[in-house]
Each structure stands twice: as C-alpha cells, then as structure tokens.
Amino acid sequence: MDAPSAGYAFEYLIETLNDSSHKKFFNVCKLGGTKYDILPYSIRVLLEAAVRNCDDFLMKKEDVMNILDWKTKQSNVEVPFFPARVLLQDFTGIPAMVDFAAMREAVKILGGDPKKVHPACPTDLTVDHSLQIDFSKCAIQNAPNPGGGDLQKAGRLSPLKVQPKKLPCRGQTTCRGSCDSGELGRNSGTFSSQIENTPILCPFHLQPVPEPETVLKNQEVEFGRNRERLQFFKWSSRVFKNVAVIPPGTGMAHQVNLEYLSRVVFEEEDLLFPDSVVGTDSHITMVNGLGILGWGVGGIETEAVMLGLPVSLTLPEVVGCELTGSSNAFVTSIDVVLGITKHLRQVGVAGKFVEFFGSGVSQLSVVDRTTIANMCPEYGAILSFFPVDNVTLKHLEHTGFDKAKLKSMETYLKAVKLFRNDENSSGEPEYSQVIQINLNSIVPSVSGPKRPQDRVAVTDMKTDFQACLNEKVGFKGFQIAAEKQNDIVSIHYEGSEYKLSHGSVVIAAVISCTNNCNPSVMLAAGLLAKKAVEAGLRVKPYIRTSLSPGSGMVTHYLSSSGVLPYLSKLGFEIVGYGCSTCVGNTAPLSEAVLSAVKQGDLVTCGVLSGNKNFEGRLCDCVRANYLASPPLVVAYAIAGTVNIDFQTEPLGTDPAGKNIYLHDIWPSREEVHQVEEEYVILSMFKTLKEKIEMGNKRWSSLEAPDSVLFPWDLKSTYIRCPSFFDKLTKEPVALQPIENAHVLLYLGDSVTTDHISPAGSIARNSAAAKYLTNRGLTPREFNSYGARRGNDAVMTRGTFANIKLFNKFIGKPAPKTIHFPSGQSLDVFEAAELYQKEGIPLIILAGKKYGSGNSRDWAAKGPYLLGVKAVLAESYEKIHKDHLIGIGIAPLQFLPGENADSLGLSGRETFSLTFPQELSPGITLNIQTSTGKVFSVIASFENDVEITLYKHGGLLNFVARKFS
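The model shown is predicted, which means the values in this text are computed figures rather than measured ones.

**Regarding the overall build of the chain**
Here comes step 1: Secondary structure assignment for the chain yields 33 helices and 34 strands.
Here comes step 2: By the burial criterion, 64% of the 964 residues in the chain qualify as buried.
Here comes step 3: Contacts in the chain between residues at least 24 apart in sequence constitute 75% of all its contacts with a sequence separation of at least 6.
Here comes step 4: Summed over all atoms, the accessible surface of the chain reaches about 34700 Å², with 49% contributed by carbon and sulfur.

Encoded structure:
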C-alpha cells in the first residue's frame, strides 16, 4: 500500500527555510493565525502532520480544520495521525513481523503479489527484551537455563576464564592504584572479552578494559536461546523495506530511541517536519521528554502504520501541567516522577494529552523530562509532552548532535512556533485544564507494594509496610495475623546464618527501564555505593542483586566515573543490556530463601528501579515489590529490609561499630552534578552511535534466509505461521450474531494485560508447558511467553495463564475456569478448547479498567484464538479496547451505573445478541440471557474506522484484502 501523497492540498503553505535555499517546510502558522497561536504544542505537531499528509482520502481537509479548531472540537471528533516512524521491541515486535510474513502467504493465496507487503513507514526493531539473568553475583556458578533455539545443539558454552591483565599506570595525577591491585581491583572486575557495543574504561586509569564476564555469559546464552527468533528478525530486515533491526546487547528500545534513533526534526528529500513515533510498547512516551510526539498503540495499530495507514484518535483534551519551584537535594528525578504520577492520577488525565510548562520545566534536564514522560501510562495519559526549548538544544549539542542540523532545527522549530521560550511566558497556549505542581512539595518516595500508583514517602515506609501486613488482602494488604508479624526464619547460606522476616529484601534490581537513561540517578546510586563500601557496609549475599543498564553508554559513565567497582562490590554487577527483572526474567532465588519464605509464609520484598511492580511479576514468591530510585534500591539492599525508618535506624555499622545512617552516605546534588558534568561527555554518545552502526559480530555472523516468503519450520516452537488468515475471503461477510455464548471468565476490576497474556516464565504445569513438553522440550528450554510470541500455539495456551488471575467462578487466584456443559474445573485453554469443539461461542465478563497496564496485542489475539467473540466490561483501558476491535472482538460496555452484580448476572447463563448491519459509534444493543433477562449494553466503537475494521474481522484481514 503506497503512502499518501504529501500534502498536495496545502502546497501553498510550503516555504524555504531562512538559512537554506533548498530546505523546505509547511508553514502551518499561516493556516490559522490566532487559532494556531493558542494551540498546545502537541496539537501543533498533529496539525503539521495532517497538513503534510492531506490527500483528501486517508487525511481529509475536514480533518485538518478539525485539528485547527481544537479549542471547540476537542473530545468531539476523530482525527487521523501519520507518525514519522515506528519503533518495535522484540517481545511485541515479533508478532507484528510474523503477521507481516503470514500476510504475504495470505495475499499470495488470494492471488495478490506478496512482494507488495512491506512497511511503508520507517520501522526500527530493537531486540532488547530477550535478556534473562542466568548469571549474576549469586548465580555466576550456576548452570544457565538454555531455553530454546539451537543452544542445546551447539554444545557447551565457550570457556570464559577470568584473565586479569595489569594495565600500566601512565602517570595520571588521579591515579589511586594499579588496575589489578587492591581489594576492589581483585574482586570487582571479573572481566572477559569485550563486547562490541559496550565500551568500558578502567575506573582508575580511564584505559579500556574487557567486559564483565556476567554480560558475556548472559549474551552468549541469549543468542543461543533465541537463535530462531533472531534468524527471523534478520530475515525480516533483509526482505522488508524500511525495517532496521538493532541487535541484542545494544540497549533497551526507549533508550536507544533517545540516544540514537530520534531526529527531533526529520529531513526527507529536503522537506523538514517534526519527528514523531508510535510503537508496540506503552512506554514509547519516554521520547516526549525530548520534544518528540510519541505514544504506544500496540502491535495491531502499529502494523497499520507500518502499512501506510494513519492512527485514528479522538482529538484529545490537553491538560497543561504548570511546574513551579525546585526540588530539594534529597529528591531524585524518580521522586519527581512518582509525585507527578500520583498527582496526575488523582486529577484524572486518562485518554488525554498532558503538556508541561512553567518556570519549573527549565530546571529539569532532558533526562529528567524523559523519565517523567516515560511514566505517563501509569497515570493514564496518552502522552506527556515537553516542547523543545533551550535545555533540549543544549542536551542535543552535549550528546554530539550535528551543529549544522541543530541550527536548522532551531530555525525551523521557531518558524513554526514549536519552540518553547521561558521569556515569552505570556504567550503560553490555552489548555483544556491547567493544574499546578510545586516541585518544593515533593519528598523522596517509593511506590508499592503492588501497584505503581501507590506512592509512599520514604519517611513513612516502615509504618506503611506494617499497615500493609495488617490490611485485608487487596491492592495493598497482605492480612498477616498479628501474632505472626514478628516471625523470624533462620537460613544458612554460603556458610553463614541469616535471619529472614516480613519485609526482608530478597531481590534488588537496578534495571534498564525508566531510570537508567538518567545519569544523575545512576551516578547517585554509584556514589552512594562508593560511600557505603568505604564505610564498611555490605549487602547480604542471598539477596538477588543485579544491574542491567539501558545501553553501553550507562556502563561507560559508571566505569569512567569510578563508581562501577563499588556497585559490583555490593553485588550490583552488570548482567546484560535489556529488560530483565521488570518482566519476570530474574534468576531463581536460592533454595534456602525459598524454603524460608514458604516455612514462615513471609512477605518478602523486591526493590527495583523500574516502572512495573504488579504482584507476582518479579517472582511468584515475592509478594511485596517497590519501585524506587536507583540510590534507594542500593540503600534498601544494604539495609536488607523495607521495614526500616531511615531517619532513626542505621543501615548498619562500620568496622569500629559506629552506626551508619542513610544521610551519612547519601551524595549531595552538587556531588552528583559535578561527576555528571565530568563524565557524561560528548565522546560517550559518539562512541555508542559508532558501535551501533558498526554492528555486533554475533549478529553479523548469524545466518538467515532471504526468500520472499518465510520458510516456516513446522518443528519450530518459536516461529509459527499464525491462523488469523485461515478463513480469509476476498470480501468481508455480513456481521454474524453471537448466539448462546457461554462466559469463559468472570473477572473483577483492574484486570491487566499481564493477567490476560503474561510475559514471564512458563509454569511447568501450564497448558503451554504441556505443548512444549510434547514437542520434546525440557522445562529448562521453555524460555518465556514473551520470547515465544511468534508462536500462536504457545501464546493461545498462555492466555489467562497468570497465577494471580482471579476468576469469580473459581473463587481464588488461579489460571482456571469452569466448563459449564460438563461442570469440570479446567485450565482456561483446555476449557476454551472444549467449547470450540462443541461450537459454542464465548464471552468474558469483567469490571472496571479491563486491559490496564502494558499495551500487549496478544492480550487480544489470545482471547480471539480461544474463541472469545465479545468482552462485556464496565470500562476499558483504551489501548486494549483498540486491540480487541483490531482483532475482531466486540468491546461491549455496561450502561453507566450498571454491572454484572447489579443486573443479577451469575455468569453461568448463556448470552445472545444481534448486531445491526449498519453499526454506528456508541450504539446500544440488547443482550438476552438463557434465564430470560434482557438488558442493554453499549457497543464501544468510537468511530467509523473502528466499525469498518470490526466488519472486516479485524485490522489484519482489512489490510490483507487491500493487498489482494
């Protein structure tokens, strides 16, 4: 499908940039005069894209005028948006690329040309979610989990012996000792061969040294475990135009996006226009901190963009968030993020844009802004936008941005009034609503123990945790009997005795999501570790500690600033680059810890610097999980418990027996900024970019096919041609009624996409495990659901397989349901399979906020393949509702004030409804049950595009028909 012609309807707005005779741009300022001047900056970006892509077909003049009239049209009209590019990560990217490969097959069967099936939009795919922590401080001696792929065929891992080399001192005045001398030199640097994308410097001499052994081992296992997937990605990059793959070991998608892929302003055939991006992850929003409009839409809509179709959205309200004041010295950017998150969630910004302005904005660095923007899915906004300003330009210059392009960028952005200037505060845009946040009011905080929005001041942590032990089981409570709250269980580990109790920290992870892009918080963690080690403090060895940076640049500045050995000394060794602990890919806890937790029914804790802490996400046996800034992760690891008051209780004692408190080792803001300025330098960003462009040796040597159609391996358990197109016809059939449908699951409120389609490890007793076992795999080879998203058979069996799923039919958390015709209690997949054999359609009953959490297309695809025809809920997370429509499942909504309980529904009835052939947005439909009850529901379609997609049986069928 060809992309639309570029803005022919508004060619008269094209002008030449002042500083160049050949660079052109659409001067959208001239379109609306004062109407344009009052538009929020984010809406101006939407308007420019509409003008540039207006062809009166996919983008109509009426759409352009609706955006220009945003003040009166907000929330009332649908508008299309053509982003400049697409960003995928491998967990959600592989199903998108598998769908493309399958679509080629379908188009050929329908008589079309499969070569026409390729992305029309520039697409970058980063392989950053495959990393699992097989090797870390505690697990370095353990045998790795070989997972799938060809690792088992490749034989043993190559030996990785520690070969320390003495690097001669070159007389630097800052020399503090030779590279292999002293306790730190011996114990912190288990190094091996250097990996291409991660330059490391000796912390004492700034001379190159090899990569830590743990990284090399984890990467070698990663390549072996995921060989089939990586070969498929490489085929995709060869066969599909406009597809670039960033190989494993480079860094996480969002950080590579910030450091390497972002343009801020695109230049295409001498035409300048704002950079913008959508992608298959809800945290694409991170890039808005750089002044780039972007948000996550999930795999199905992303595929449409890749095929040259626009994203459709309701013209959003824009909440102006005025930041004033400045934060105190003990507050990190993560504290600011959590404070703003809680405030915005309380205000209610779901489905809206948030745009920041005010004097406080200029006090935030770009990395602070991207951290704030990254968390916007946690407070429900579509995106959180920071317009480009002088701080942005200085950041880009600091990171090696071409100066000529920087000058053109500034000139262009000022010409189209997309540049924010503090001196022109009187000219601020008009917003749907303005809220104020005083940065002075924000205090150091963590978030948990089960949800990211439940913020707890560090000063209140001890009392809050004790309250959680008392509260009934729920979003915060654990309901531990009062007489058991002080229970202590002794464990023996590595020859020593330790004591575990409620609140004991067993996982402490500084991971790649959210925080590692921010040098200030990472350096603060390193400086705190340095002071802690120098004071004689240590982390107990049974705590599963890890450090997974977002990219080699983070390793670079931690190393060159001299703090990495101290983090390593406390157990925070670099384990690899990519998402790990946050998505459940941590190594197993020791048997001693597991036994103690079970014996004492202990509420143990994980502390991580990520953005997701849903119960059971890190590890089944870790019930309390807290999000914290990197320095606080290190602090709680040293303390060994969250049941501590840092103000009055010491972290530990020094060798002389003196109490050491947190304030004794907390680095000042001046210390952090000094180190940041000295070591986060231009050369680091340049080196990272050069390493990415040079590529990865393992990736370069990986063999992959280059045929037009992918040669599916019928024996593969990773890559399988999905069945979405099996019944595809050239023309869509008439809408079919849903007759006598049984309820597959009866769910409550806040069912997340993790509940629906888990991304973590595959349980040994699950339906997916049975499938893999029947194909000759051992549990050590199962890998994770996220890694197997290219196999629809595994993912269908993994649907609703989360152990924390609470189905009201069962009455307790378990991935089970009842097959009503037989009365059996079965795994969800097994019940659905029986229903399908009997020809019985299925629906799901749910409460409020169905589908919250990460955007995840398999949370819609899985239920579809289980035979679910409709979901009936009180409310939906918008991204997930879009996915349901995009796959062909009807999103039905109870009338306001009604739910299954108020209507007297038990879920054991059968349900029937008929769709009129002329559907309209928000139409009311009648459902009749087998008990004779009739009630009305809303068909939650927002626009004619969604209705068209549903009539085609989903987006994939719609697009495939366009190619045929």
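**A look at the side chain of Asn-66**
Here comes step 1: Structurally, the position occupied by Asn-66 is in helix H4 (residues 61-68).
Here comes step 2: In this structure Asn-66 comes out as buried when scored by relative accessible area, which is 7%.
Here comes step 3: In this structure the side chain of Asn-66 is engaged in a polar contact, spanning 2.9 Å, whose partner is the side chain of Lys-73.
Here comes step 4: Those residues in contact with Asn-66 that sit more than four places away from it in its chain are Lys-73, Val-77, Val-79 and Leu-315.

**Quick look at the sheet that holds strand S7 (residues 265-268)**
Here comes step 1: Spatial ordering of the open sheet is given by S1-S2-S8-S7, a layout of 4 strands whose pairing is mixed. On the outer flanks of this sheet lie strand S1 (14-16) and S7, each paired with one strand and no other. Across the sheet, the mean angle from the axis of one strand to that of its neighbour is 35°, orientation sign disregarded.
Here comes step 2: Most of the contacts of helix H3 (residues 41-53) go to strand S8 (residues 271-274), to which it runs at about 140°, and overall it touches strand S2 (24-26) and S8.

**Overview of the nonpolar core**
Here comes step 1: Met-103, Phe-232, Trp-295, Phe-353, Phe-800, Tyr-850 and Leu-892 are the most contacted members of the largest nonpolar core, which has 196 residues in total.
Here comes step 2: Formed by 79 residues, the second largest nonpolar core is a distinct cluster that contains Val-505, Ala-532, Ala-628 and Leu-662.

**Quick look at the pattern of salt bridges**
Here comes step 1: All chains considered together, the criterion is met by 29 salt bridges.
Here comes step 2: Across the pair Lys-352 and Glu-317 runs a salt bridge whose closest N-O atoms are separated by 3.6 Å. Note that Lys-352 is positioned in the loop between helix H12 (333-347) and strand S13 (353-357) and Glu-317 in the loop between strand S11 (311-314) and strand S12 (318-324), a separation of 35 residues in sequence.
Here comes step 3: Residue Glu-317 is classed as partly exposed on the basis of its relative accessible area of 25%.
Here comes step 4: Each member of the salt-bridge network shares a partner with another, and the members are Lys-770, Lys-816, Asp-827 and Glu-830.

**Things to note about the sheet that holds strand S33 (residues 924-929)**
Here comes step 1: Taken in spatial order, the 7 strands of this closed barrel run S26-S29-S30-S31-S34-S33-S32, and their pairing is mixed. Between one strand axis and the next, the sheet turns by 40° as a mean value, whatever way the strands run.
Here comes step 2: Examined bridge by bridge, S33 and strand S34 (residues 934-939) share 5 bridges and lie antiparallel to one another. Following the sheet pairing, Leu-925 is matched in S34 by Val-937.

**Overview of the environment of Leu-919**
Here comes step 1: By the secondary structure assignment, Leu-919 is in the loop between strand S32 (911-913) and S33.
Here comes step 2: By relative accessible area, which is 8% here, Leu-919 ends up buried.
Here comes step 3: Note: C-alpha distance between Leu-919 and Phe-941 (22 residues apart in sequence) is 8.9 Å.
Here comes step 4: For Leu-919, the contacting residues outside a window of four places in its chain are Leu-735, Phe-941, Ile-947, Tyr-950 and Lys-951.

**Brief notes about the pairing of strand S30 (residues 868-873)**
Here comes step 1: Buried residues dominate S30, accounting for 5 of its 6 residues.
Here comes step 2: Of the strand pairs in this sheet, strand S29 (residues 842-845) and S30 are connected by 4 bridges, and their pairing is parallel. Residue pairing across strands places Leu-842 opposite Val-868, the latter belonging to S30.
Here comes step 3: In this fold, S30 hands off to helix H31 (residues 878-887), which returns the chain to strand S31 (residues 890-894); that crossover is right-handed.

**Describing the packing of aromatic side chains**
Aromatic ring pairs are described here by two measures, namely the spacing of the ring centres and the angle between the planes.
Here comes step 1: Overall, the coordinates contain 24 aromatic pairs when judged by the stated rule.
Here comes step 2: Consider the rings of Trp-235 and Phe-710, whose centres lie 5.0 Å apart with planes at 65°: the pair is edge-to-face. Of this pair, Trp-235 sits in helix H9 (residues 227-239) while Phe-710 is found in the loop between helix H25 (697-701) and strand S26 (738-746), placing the two residues 475 residues apart along the sequence. Taken as a pair, Trp-235 and Phe-710 share a single burial class, namely buried.
Here comes step 3: Ring-pair connections join several aromatic residues into one group, and the members of that group are Phe-100, Phe-232, Phe-233, Trp-235, Phe-240, Phe-710 and Trp-712.
Here comes step 4: A cation sits over an aromatic face here: Arg-44 above Tyr-41, 4.6 Å from the ring centre.
Here comes step 5: Looking at Lys-414, its charged tip hangs above the ring of Phe-419, at a distance of 5.0 Å from the centre.

**Comments concerning empty space enclosed by the protein**
Here comes step 1: In the structure shown here, the tally under the stated rule is 6 cavities of 30 Å³ or more.
Here comes step 2: Its boundaries defined by the atoms lining it, the second largest cavity holds a volume of some 70 Å³.
Here comes step 3: Along the walls of the second largest cavity sit Val-45, Val-264, Pro-274, Asp-275, Gly-291, Phe-385, Val-388, Leu-413 and Leu-418, which together make up its complete lining.
Here comes step 4: Its residues assigned to classes, the lining of the second largest cavity shows 7 nonpolar, 1 polar and 1 charged.

Parameters at a glance
- Residues numbered from 1 in each chain as written.
- Predicted model: local features only at pLDDT ≥ 70, side-chain atom pairs only at ≥ 80, totals over all residues.
- Heavy atoms only, no water.
- Helix = DSSP H or I, 4+ residues; strand = E, 2+ residues; numbered from the N terminus.
- Buried < 20%, exposed > 50% of the residue type's maximum accessible area, 1.4 Å probe, protein only.
- Contact = heavy atoms within 4.5 Å.
- Areas by Shrake-Rupley, 256 points an atom, 1.4 Å probe, with all protein chains shown as cover.
- Polar contact = N/O pair within 3.5 Å; in protein donor to acceptor, adjacent residues only side chain to side chain.
- Pairing = 2+ DSSP bridges.
- Axes fitted to C-alpha atoms, helices over the stretch in contact; angles between N-to-C directions.
- Core = buried A, V, L, I, M, F, W, Y, C linked by side-chain atoms within 4.5 Å.
- Salt bridge = Lys/Arg side-chain N within 4 Å of Asp/Glu carboxyl O.
- Right-handed = clockwise from strand over helix to strand, strands pointing away.
- Phe/Tyr/Trp six-rings, centres within 6.5 Å; stacked < 30°, edge-to-face > 60°.
- Lys NZ or Arg CZ within 6 Å of the ring centre and 35° of its normal.
- 1 Å grid on protein atoms, 1.4 Å probe; cavity = no way out; pocket = protein on both sides within 12 Å on 5 of 7 lines; lining within 4 Å.
- Points joined across faces, edges and corners; volume = space filled by probe spheres on them.
- Nonpolar A, V, L, I, M, F, W, Y, C, P; charged D, E, K, R; others polar.

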